[in-house]
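# Tertiary structure, described
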Amino acid sequence: MPGNSSSPPIYPFLKWAGGKSQLLDNIVGCMPEDFGTYFEPFLGGGALFFRLVSMGKVRRAILSDLNRDLINCYVVVRDELDALISRLEYYQKYVGAKDFFYEVARPSFNKIRLKNGLEKNVEKAALLIYLNKTCFNGLYRVNSKGEFNVPWGRYDSPSLFDEANLRAVSRALDQRWVEIMCCDYREAVKLARAGDLVYFDPPYQPLSRTSSFTQYTPDSFSEEDQRALAEAFRDLDGRGCKVVMSNSSSPLVEGLYRDYISRGQFRVAMAARAISCLGDGRGRIPEYIIFNYPMPRNQ
Ligand SMILES: C[S@@+](CC[C@H](N)C(=O)[O-])C[C@H]1O[C@@H](n2cnc3c(N)ncnc32)[C@H](O)[C@@H]1O
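In short, a report on the structure. These numbers come from a predicted model, not from an experiment.

Inspection of the secondary structure puts Asn-292 in the segment after β7 (282-291). A polar contact is formed between the side chain of Asn-292 and the side chain of Asp-237, at a distance of 3.0 Å. Only 2.8 Å separates the side chain of Asn-292 from the backbone nitrogen of Val-243, close enough to count as a polar contact. Non-local contacts of Asn-292, meaning those with residues more than four positions away in its chain, are made with Phe-233, Asp-237, Cys-241, Lys-242, Val-243, Tyr-260 and Gln-265.

Next up on the list: the packing of aromatic side chains. Each aromatic ring pair is described using two quantities: the centre-to-centre distance and the angle formed by the ring planes. Under the defined criterion, the tally for this structure stands at 22 aromatic pairs. Taking the ring centre of Phe-109 as reference, the NZ or CZ of Lys-124 above it sits at 3.7 Å. The ring of Tyr-260 is capped by Arg-263, whose NZ or CZ atom sits 5.1 Å from the centre of that ring.

Judged by nonpolar contacts, the single largest core of 74 residues is most densely connected at Phe-13, Tyr-38, Leu-48, Phe-49, Leu-84, Tyr-130 and Leu-166. At eight residues, the largest contribution of residues to this core is made by helix α6 (residues 122-134). Three or more residues apiece are contributed to this core by two domains, here domain 1 (21-66 + 183-291) and domain 2 (72-163).

The next thing to look at is the environment of Arg-78. Tracing the backbone shows Arg-78 in helix α3 (residues 68-79). Take Arg-78: its relative accessible area is 16%, and that puts it in the buried class. Considered as a pair, Arg-78 and Val-169 are 91 residues apart in the sequence and their alpha carbons are 7.7 Å apart. Beyond its immediate sequence surroundings of up to four residues, Arg-78 is in contact with Lys-120, Ser-170, Leu-173, Gln-175, Val-178 and Ile-180. Looking at Arg-78, its side chain comes within polar contact range of the side chain of Asp-79, at 2.9 Å.

This part covers the site of the ligand. The environment of the ligand is formed by 25 residues, the closest being Trp-16, Gly-45, Asp-65, Asp-184 and Asp-201. Lys-20 is positioned such that a nitrogen or oxygen atom in its backbone is 3.1 Å from an oxygen atom of the ligand. Protein contacts shield 97% of the accessible area of the ligand, which totals 610 Å² for the unbound molecule. A per-class count over the shell around the ligand returns 13 nonpolar, seven polar and five charged.

So, how was this worked out
- Every chain's residues receive numbers from 1 upward, in the order its sequence appears when written.
- Local features in a predicted model are, by the rule used here, given only for residues with pLDDT of at least 70; side-chain atom pairs are given and counted only at 80 or more, and totals for whole chains, interfaces and linings are based on all residues.
- Values shown for side chains rest on all heavy atoms present in the structure; no hydrogens or waters enter the calculation.
- Counting from the N terminus, the helices are DSSP H or I runs at least four residues long and the strands are E runs at least two residues long.
- Any pair of N or O atoms that falls within 3.5 Å is considered a polar contact. Within protein, one atom must be able to donate a hydrogen and the other to accept it, and sequence-neighbouring residues count only if both atoms are side-chain atoms.
- Note on definitions: a residue-residue contact is assigned when non-hydrogen atoms from the two residues lie within 4.5 Å.
- Any two of the Phe, Tyr and Trp rings considered here, Trp counted by its six-membered ring, make a pair once their centres fall within 6.5 Å; the pair's planes then place it as stacked at under 30 degrees, edge-to-face at over 60, or tilted in between.
- By definition, being over a ring means that NZ of Lys or CZ of Arg is both within 6 Å of the ring centre and within 35 degrees of the ring normal.
- To qualify as a nonpolar core, a set must consist of buried Ala, Val, Leu, Ile, Met, Phe, Trp, Tyr and Cys residues joined through side-chain atoms within 4.5 Å.
- Three exposure classes are used, based on accessible area relative to the maximum for each residue type with a 1.4 Å probe and protein chains only: buried under 20%, partly exposed in between, and exposed over 50%.
- The split of the chain into domains comes from an automatic or database domain assignment.
- One heavy atom within 4 Å of a molecule or strand makes the whole residue count as near it.
- Accessible surface is estimated by sampling points in the Shrake-Rupley manner with a 1.4 Å probe; for residues, cover comes only from the protein chains shown.
- Throughout this entry, Asp, Glu, Lys and Arg are counted as charged residues, while Ala, Val, Leu, Ile, Met, Phe, Trp, Tyr, Cys and Pro are counted as nonpolar. The remaining residues, Gly among them, count as polar.

Structural data, given as structure tokens:
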């Protein structure tokens, strides 16, 4: 797989809610020294994957997410890069145009319906990147009909893409090393074997009812989903996989992973997050990184 410490670091080509960019150093510090295939089944913007590739640490990877629009975009970046760049150059002319956002980009995006996320629909991918960089906070949110409904973000002239980075992303996704799937995380991790590394970055359990945003897909991530995820974590642990998860420091999470926490198999990192229960809507809050292997020696 390409990528080593002498090339410029690769970074996510989308902004994604819950993006891990600010916690990367903490999470990388918790990674095991050696592992087989790398699994990231709540891919989002893929910040950790791109960091690990940049460090030359990934030999083979399986990347997946339930969001079809997102996965289509990854597959297009991998296989249809020149066609995508040409559409992005066209949309770049309209980044400051509120009317274009509401009257052309959003309706055109919503008109294209994907069946499985693996269609390689270049137009849908270009529109997702356009909306992601021009909408409010780069959010992805759909209504009950599956229509993207995030408002315009009022940015003056955002850049839709960095061509050198996008080309590096495309190389990092090469099918010889990376498999991209559109599926529930449980389906993806069925493929994990002893010695493989699974990084779970689920939609976070809210600290309070209103404090967090988990509506990434039509189905949000409930308390039940957090319980099922903890079972999947234990199942992978029992199969000899290395498992690491980031999540909020909510009482539910503390309860579900109490045994790992009591053995010291965790770190706490502080992250700046939008939190509606704080006056200005932003604050630094503690988040957990929980893992099932001994802390790497150099930590
Ligand atoms: C916190 S975000 C991941 C952020 C990502 N690590 C980053 O750096 O941008 C969670 C992701 O999980 C996906 N997701 C939600 N429920 C899922 C499920 N049941 N299976 C797989 N992916 C799911 C969402 O579509 C979203 O992209």
